[in-house]
Amino acid sequence: MCEFAKGKLWVLLLFGITPLLAQTDDNISWNSVKFGKQIGEYTNLSFRPIFRLEENLSKYQNTSVDFAIKTALSKEWSIQLLSRTWFIPERGNRQFIWTDISYVKRYKDWKLDNTLRMHYALDIQERDDPDFLRWKIKLYGPSLEKLRFFLGFEPWWRFNGQNCIQRWRYEPGLKYNFSKRLDMTFTYRREVTQDIKSVEKLNIYILTIGYSIP
C-alpha cells in the first residue's frame, strides 16, 4: 500500500482540508453546460461538454464530452452508465467508462447522497491510464428559497498494482434553481493526488449550467 494511504489517511480524516491549503500547484476551471432529458418515468439521459483552463486560468487545457444514462431503481437507489471522451491538445485523446451505484437518504430538509463509482479508463493512443474505485459522499443542506449548499468528499482507490488511496477531493459548493428546468451549480474542489514520487495539489473551480429538455 502506498505511503499516502498509510501515513496520511487518519490525518486527513481528522483535520480535513485545512492543512492542504498551504500549497497549490495550479488553479484550474471547469466550465460546462449539462442537458438532461427524462425518458419515461425512471430513466434520464444527459449530455455535458466541459471546457477547461489551467495555469491559473490563463491557458486552455482540454475539452471533454459526457454521455450518461441513469435509471432509478427505487426512491433511494439508482444506477448510471457514463462515458467521458477527452480531447487533449498534443497528447492524444482519452476515454473513460464509469458505472455508478447511488443511494440517497433524506432527513427532513437534509439530503445525503452516496455514490460508488467504478472508474475504468481505456488505454488508447499509447496512453496508459489508471483505474479507480471512487466513493463520493455529498451532503445537501436545507434549501434557502432557490439556493442550496452542499459539501462533498471523495477518496479514489487506485488499482493497477498500487492498491491504495491515491487521490482525495473536497467539494463545498452551492446550487441555484432559476426555474424547474434551469439551474446553476458552482463547486470549489480541492484535489490532492499522491503519485509514487510526488504530490499534486490543485484548486479547481467548477461552473455548470443545467437544463432539463421538455
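Parameters at a glance
- Residues numbered from 1 in each chain as written.
- Predicted model: local features only at pLDDT ≥ 70, side-chain atom pairs only at ≥ 80, totals over all residues.
- Heavy atoms only, no water.
- Core = buried A, V, L, I, M, F, W, Y, C linked by side-chain atoms within 4.5 Å.
- Buried < 20%, exposed > 50% of the residue type's maximum accessible area, 1.4 Å probe, protein only.
- Helix = DSSP H or I, 4+ residues; strand = E, 2+ residues; numbered from the N terminus.
- Contact = heavy atoms within 4.5 Å.
- Patch = residues over 30% accessible without salt bridge, like charges linked within 9 Å, V, L, I, M, F, W, Y side chains within 5 Å.
- Areas by Shrake-Rupley, 256 points an atom, 1.4 Å probe, with all protein chains shown as cover.
- Salt bridge = Lys/Arg side-chain N within 4 Å of Asp/Glu carboxyl O.
- Polar contact = N/O pair within 3.5 Å; in protein donor to acceptor, adjacent residues only side chain to side chain.
- Pairing = 2+ DSSP bridges.
- Phe/Tyr/Trp six-rings, centres within 6.5 Å; stacked < 30°, edge-to-face > 60°.
- Lys, Arg positive; Asp, Glu negative; His and termini not counted.
- Axes fitted to C-alpha atoms, helices over the stretch in contact; angles between N-to-C directions.

**Student:** How should the nonpolar core be read in this particular structure?
**Tutor:** Across soluble globular proteins, nonpolar side chains show a tendency to be buried alongside one another. Formed by Ala 68, Leu 82, Trp 86, Ile 88, Phe 96, Trp 98 and Ala 121, the largest nonpolar core amounts to seven residues. Of all the secondary-structure elements, those providing two or more residues to this core are strand S4 (77–87) and strand S5 (94–107). Residues contacting Leu 82, with those up to four places away along its chain left out, are Asp 66, Phe 67, Ala 68, Phe 96, Ile 97, Trp 98 and Arg 117.

**Student:** Quick question: what am I supposed to make of a nonpolar patch on the surface here?
**Tutor:** Taken together, Val 33, Phe 35, Phe 47, Phe 67, Tyr 176, Phe 178, Leu 182, Tyr 211 and Ile 213 make up a surface patch of nonpolar side chains, about 710 Å² in accessible area. Among the secondary structure elements, those contributing two or more residues to the nonpolar patch are strand S1 (26–39) and strand S11 (199–213). Take Tyr 176: it is sitting in strand S9 (residues 164–177). For Tyr 176, a relative accessible area of 30% translates into the label partly exposed.

**Student:** Please explain the side chain of Thr 115 as it appears in this structure.
**Tutor:** Mapped onto the secondary structure, Thr 115 falls in strand S6 (residues 110–122). One polar contact links Thr 115 to Ser 102, side chain to side chain, over a distance of 2.8 Å. When neighbours within four sequence positions are excluded, Thr 115 is seen to be in contact with Asp 100, Ile 101, Ser 102, Arg 134, Trp 135 and Lys 136.

**Student:** Got a minute to help me understand the pairing of S5 in this structure?
**Tutor:** Side chains on a regular strand alternate between the two faces of the sheet. As judged from the ten bridges shared by S4 and S5, these two strands associate in the antiparallel manner. Residue pairing across strands places Ser 83 opposite Ile 97, the latter belonging to S5. Taking the residues between adjacent antiparallel strands as the criterion, S4 and S5 are bridged by six residues, where Glu 90 takes a positive phi near 65 degrees. When S5 meets S6, the two strands line up antiparallel, connected through 13 bridges. From the neighbouring strand, Trp 98 faces S6, where its bridge partner is His 119. In this antiparallel pair of consecutive strands, S5 and S6, the connection spans two residues, and Lys 108 shows a positive phi of 55 degrees.

**Student:** Would you mind showing me how to read the packing of aromatic side chains here?
**Tutor:** Aromatic rings considered in pairs are described by the distance between their centres and by the relative angle of their planes. For the coordinates displayed, the defined rule picks out twelve aromatic pairs. Pairing Trp 77 with Tyr 103 gives two aromatic rings, centres 4.8 Å apart and planes at 50 degrees, and the pair type is tilted. With Trp 77 in strand S4 and Tyr 103 in strand S5, this residue pair connects regions lying 26 residues apart in the sequence. A relative accessible area of 42% places Trp 77 in the partly exposed class.

**Student:** Looking at this model, I keep getting lost on the side chain of Arg 48. Mind explaining?
**Tutor:** For Arg 48, the position within the fold is in strand S2 (residues 43–54). For Arg 48, which is buried and forms no salt bridge, the nearest opposite charge comes from Asp 66, at a distance of 4.3 Å. Within the structure, the side chain of Arg 48 is placed 3.2 Å from the side chain of Thr 208, a separation counted as a polar contact. Residues in contact with Arg 48, not counting those within four places in the same chain, are Ser 32, Val 33, Lys 34, Ser 64, Val 65, Asp 66, Arg 84, Ile 206 and Thr 208.

**Student:** Just checking my understanding: could you explain the pattern of salt bridges for this structure?
**Tutor:** Any two side chains of opposite charge can pair, so long as their charged atoms come close to each other. Taken as a whole and assessed by the stated rule, the structure comprises ten salt bridges. Salt-bridge contacts for Asp 129 lead to Arg 94; the nearest nitrogen and oxygen are separated by 2.8 Å. Here Asp 129, found in the loop between S6 and strand S7 (132–140), pairs with Arg 94, found in strand S5; they are 35 residues apart in sequence, far enough to count as distant. Considered together, Asp 129 and Arg 94 belong to a single accessibility category, that of buried residues. Residues joined in a network through salt bridges with shared partners are Arg 134, Glu 154, Arg 167, Arg 169 and Glu 191.

**Student:** Looking at this structure, how should I read the sheet that holds strand S8 (residues 147–158)?
**Tutor:** By way of backbone hydrogen bonds, the strands of a sheet pair with one another, either parallel or antiparallel. Strand order in the closed barrel formed by eleven strands is S1-S2-S3-S4-S5-S6-S7-S8-S9-S10-S11, with mixed pairing between adjacent strands. Here the strands of the sheet are splayed against their neighbours by 20 degrees on average, with no regard to which way each runs. Relative to S2, S1 is paired through nine bridges, and the arrangement is antiparallel. Bridge pairing in S2 links Ile 39 to Thr 43.

**Student:** Explain the environment of Arg 189 to me, please; I cannot follow it from the model alone.
**Tutor:** Note on placement: Arg 189 falls in strand S10 (residues 182–194). The spacing of Arg 189 and Tyr 170 is 19 residues in sequence and 5.6 Å in space, taken between C-alpha atoms. Excluding its chain neighbours within four sequence positions, the residues that come into contact with Arg 189 are Trp 30, Arg 169, Tyr 170, Glu 171, Leu 202, Asn 203, Ile 204 and Ile 206. Among the polar contacts made by the side chain of Arg 189, one reaches the side chain of Glu 171 at a distance of 2.5 Å.

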